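Coordinate inspection notes
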Amino acid sequence: MANVFSSGLDYRIADDLDDVVAAWHLVYQRYLLAGLIDPNEQELHATTHAIQEQSLVAIGSINGAIASTLTIMPDGPRGLPLDSVYRSEIDDLRAEGRKLLEVGLLADRREEIKRYINSLMCMFMYPWFFARYTGSDIICGVHPHHAEFYEKAFGFVQYGPARAYPKVKDHPVTLLRLDIEEASSRSGSRERRRSI
């Protein structure tokens, strides 16, 4: 894929177990450093929701080394990871007939957001296309301090209040939602205006 934002990384969907393991090892390293998880023997961090046939692991690599990753997890019989803290809000979307996918397990080997912002922008094209293809809304849980960035950069809206998230040692999380149909129509309107 072309490096639209000149991040210097090559982007793709992981196509073998070695790439998935390397991606989740990167997640482990970054989450451990941030104090979000405890050490484990495997030096991997994932969720049972990510280990399913329909999930996709997107990676950004440079010289063959994975530098950035995120995992796309469609809703299914197991539900979604964020159900553990936002069951009511997510069930409301399901009751409306919404198909959902959760984006999680984001990590980048660079420490400062300024250094990996371009990579994040490129990586989010994968959940966007997946959501468009499946007609799903995207949900994700982010630290409340990062919510405004996701709202401005990607069009997410806050869909739930900040809560303690046990999967990351009770650090705060805010539920965000992107209505893919609405976002696509906004994007199409901007494109039509530019062409006039």
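Summarised in this report is the structure supplied together with it. (Residues numbered from 1 in each chain as written. Predicted model: local features only at pLDDT ≥ 70, side-chain atom pairs only at ≥ 80, totals over all residues. Heavy atoms only, no water.)

So, on to the pattern of salt bridges. One pass over the structure, following the stated rule, counts 17 salt bridges. In this structure, D137 engages R177 in a salt bridge whose closest nitrogen and oxygen atoms are separated by 2.8 Å. On the criterion of sequence distance, the pair formed by D137 in strand β5 (residues 136-142) and R177 in strand β8 (residues 171-178) is long-range, its members being 40 residues apart. With relative accessibility at 2%, the residue D137 sits in the buried group. In this structure R177 comes out as buried when scored by relative accessible area, which is 11%. (Salt bridge = Lys/Arg side-chain N within 4 Å of Asp/Glu carboxyl O. Helix = DSSP H or I, 4+ residues; strand = E, 2+ residues; numbered from the N terminus. Buried < 20%, exposed > 50% of the residue type's maximum accessible area, 1.4 Å probe, protein only.)

With that settled, the discussion passes to helix α1 (residues 17-33). Helix length check: α1, at 17 residues, gives a terminal C-alpha distance of 24 Å against a target of 24 Å (1.5 Å per residue), a fit within 8%. Buried positions along α1 lie against β1 (10-13), β2 (56-62), β3 (65-74) and β4 (99-108). (Expected span 1.5 Å × (residues − 1). Contact = heavy atoms within 4.5 Å.)

For residues besides glycine, phi is generally negative; the peptide bonds are generally trans as well. The backbone of N63 shows a phi angle near 55°, a positive value even though the residue is not glycine. Following the sequence through the fold, N63 ends up in the loop between β2 and β3. Judged by relative accessible area, N63 falls into the exposed class, the value being 80%. With a phi angle near 60°, D170 is a residue other than glycine that sits in the positive phi range. Within the secondary structure, D170 is located in the loop between β7 (163-165) and β8.

Turning our attention to the nonpolar core. Ranked by internal contacts, the top residues of the largest apolar core, which has 29 residues, are W24, V57, L82, Y86, I90 and I139. Counting residues per element, the ones that place at least two in this core are α1, β2, β3, α2 (83-95), β4 and β8. Looking at this core element by element, the count peaks at seven residues for α1. Here Y86 is in contact with G160, P161, A162, R163, V173, T174 and L175, once residues within four sequence places are set aside. In terms of nonpolar packing, the next biggest core, distinct from the first, is built from 26 residues, Y126, A131, L178 and A183 among them. (Core = buried A, V, L, I, M, F, W, Y, C linked by side-chain atoms within 4.5 Å.)

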